[in-house]
Amino acid sequence: MKRRDFLKGCLISGAATSLGAPSKSWAVGSFEGYPDAMGVLVDTTRCIGCRSCEAACNKEQKLPEPDVPFDDTSVFEEKRRTTEKAYTVVNRYDAKDSQKPSYRKMQCNHCNEPGCLTSCFVNAYTKTGEGAVIYDAKVCVGCRTCMVACPFNIPAYSYSSAFAPIIKKCIFCYDTRLKFGKPPACVEICPREALTFGLRKDLVKLGHERIRATPDRYFDHIYGEKELGGTSWLYLSKYSPENIGLDETVGNEPIISNVKEFLGMVPMVLTIWPALFSGIHLLATRGKDHDDAHSNDSEQKDGKK
Amino acid sequence: MQAKWLWLNTVMVILLLAAVPGTSRGISVPDTITLDSQSKLYKPFKFDHAKHILLVKECSNCHHHTTGTLDQDPNCVRCHRNSNETQVVSCRGCHQSDPFSAAAIKEKNRKIYHLDKPSLKAAMHRSCIDCHDKMKGPIGCQDCHVYTKEGAAFYNTGEFAPKNKPAKGGHGGH
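Residues numbered from 1 in each chain as written. Chains lettered and ligands numbered in written order. Predicted model: local features only at pLDDT ≥ 70, side-chain atom pairs only at ≥ 80, totals over all residues. Heavy atoms only, no water.

Side note on the side chain of Thr66 of chain B
All names here are of chain B. Position of Thr66 among the secondary structure elements: in the loop between α4 (60–63) and α5 (74–80). A residue is classified by how much of its surface remains accessible, and Thr66, at 8% relative accessible area, is buried. One polar contact links the side chain of Thr66 to the main-chain carbonyl oxygen of His63, over a distance of 2.6 Å. Those residues within four positions of Thr66 in sequence are excluded, and the remaining contacts are Asn84, Glu85, Thr86, Val88 and Val89. (Helix = DSSP H or I, 4+ residues; strand = E, 2+ residues; numbered from the N terminus. Buried < 20%, exposed > 50% of the residue type's maximum accessible area, 1.4 Å probe, protein only. Polar contact = N/O pair within 3.5 Å; in protein donor to acceptor, adjacent residues only side chain to side chain. Contact = heavy atoms within 4.5 Å.)

Here we look at the nonpolar core
In terms of nonpolar packing, the biggest core is built from 56 residues, with Val40, Tyr125, Leu195, Phe197 and Trp233 of chain A touching the most fellow members. In this structure Leu195 of chain A touches Val40, Leu41, Val42, Lys105, Cys186, Val187, Cys190 and Trp233 of chain A together with Phe100 of chain B, once residues within four positions along its chain are discounted. Counting residues in hydrophobic clusters, the runner-up holds twelve residues, among them Ala56 and Ala185 of chain A together with Tyr42 and Ala152 of chain B. (Core = buried A, V, L, I, M, F, W, Y, C linked by side-chain atoms within 4.5 Å.)

Digging into the confidence of the model for chain A
Predicted coordinates in regions of low pLDDT should not be interpreted in detail. Summing up the model confidence of chain A, the mean pLDDT is 86 and the portion of residues at 70 or higher is 84%. Contacts of residues 19–26 of chain A to residues separated by more than four positions or lying in other chains number six contacts, the stretch itself having pLDDT below 50. (pLDDT = per-residue confidence, 0-100.)

A closer look at the pairing of strand β1 (residues 38–43) of chain A
All names here are of chain A. Counted residue by residue, β1 has six buried out of six residues, so it is predominantly covered. The pairing of β1 with strand β9 (residues 233–236) spans four bridges and is classified as parallel. Bridge pairing links Leu41 to Leu234 in β9. (Pairing = 2+ DSSP bridges.)

Observations concerning the pattern of salt bridges
Counted according to the given criterion, the structure contains 16 salt bridges over all chains. Here Arg51 of chain A ties to Glu54 of chain A by a salt bridge, and the two come within 3.0 Å at their closest N and O atoms. There is no split in this pair, since Arg51 of chain A and Glu54 of chain A are both buried. Note that Glu188 of chain A and Arg177 of chain A form a salt bridge whose closest N and O atoms lie 3.2 Å from each other. Linking Glu188 of chain A in helix α5 (residues 185–189) with Arg177 of chain A in the loop between β7 (167–168) and α5, this pair joins segments that are eleven residues apart in sequence. Several salt bridges share partner residues, and in doing so they unite Asp43, Arg46 and Arg210 of chain A together with Asp116 of chain B into one network. (Salt bridge = Lys/Arg side-chain N within 4 Å of Asp/Glu carboxyl O.)

Overview of helix α2 (residues 52–60) of chain A
Most of α2 of chain A sits out of view: seven of its nine residues are buried. Restricting attention to buried positions, one finds in α2 of chain A the residues Ser52, Cys53, Glu54, Ala55, Ala56, Cys57 and Asn58 of chain A. Those residues of α2 of chain A that are buried are in contact with β2 (89–93), β3 (102–106) and α5 of chain A together with α10 (149–154) of chain B. Positive phi shows up at Lys62 of chain A, right after α2 of chain A, with a value of about 50 degrees.

Structural data, given as structure tokens:
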């Protein structure tokens, strides 16, 4: 009778833990960014596709020589993505109605709650108070989970390195500029101020003000204000964001919201379950040791036959 | 009597002159302006101000309300309908060359108007290129800016162009 009560108690408490853990408030998924985080407002209506930002990034981050010169516009023939040699690339998006094409610079958007950071099991990533998502290359084991986790397909991989490949991506010029309150190299070189640097909270206001003042110029939406819990880099465009290759299906929930319930269960499964089920097993098989040994013997005999 | 009239006339002329915008008086309106703020990467070039005055005629197209003529932007006119000519009319007199320094960002936050004033570089490139685009003027980067040696190296172009082209035959090839 006593043993039955104990088992019953075990089952009830186990069920309570497994159900209770995920429904706890984890205080993640509601983080709206550091108050003094910087950001960049990308006004794609101003960009003329000069690729100066690509050149500036290449020099600032001491990246290898490009395949083609930075003033070669033939690269717009295809849609490029960020690589280990280029932390930022500009792509051209042709308008449907014989209007002028749009250009959009692509780089890490420095999410308030980065998917890459969430997914990294060695904790290589850090979201700094200045708003940058940086990573420790010494810690990176090259597992590429962050490449899968990033909703913007940003982290690139040093496939060229045979022995110690690691992740490569834009770090908002954190080490050389942002840390000292300076704008990233791409922003500084942009001839038309398509890139505006400032406090993220101010840029959100500024973006809405631009839309209000010149409604004909803009689609009424700042991409990145709410997407995926908010990003440090924000985008204004003439037409809806999908027209400049921005994914509108990402939703406003940060990546961590999709996995926190599952991740919340992992410690419980790893710590409580082994003890719980070992206990159940030991209790259930108590006093049956002799029988087990006997049946094993018989099985072995059966095998020999 | 004569002397008195002469004195009064002189005063009148001075007063009238003061009421006429400096631009109309031909005072300090340069015919050419050498643009060299990006001289590290590009060779300085001469902006033909006189030619643009003849072509555009309307000062406010570039100088907003500062030359004393009515601004073209209805948003600006809300305040600057009757603005007089200002002391400074040059681009760099109002547009900063370092708009994103910590001090500049702090300063911006204190402002009520002119919140989104572009930097000197942006003001020129937006004003020039947008108008050139409309008026079929030259809009290519190299049409105005000739690289210095450092500039060519920065953009990996000219003598610094990548030697080893990718095997796949480059971009947009046949």
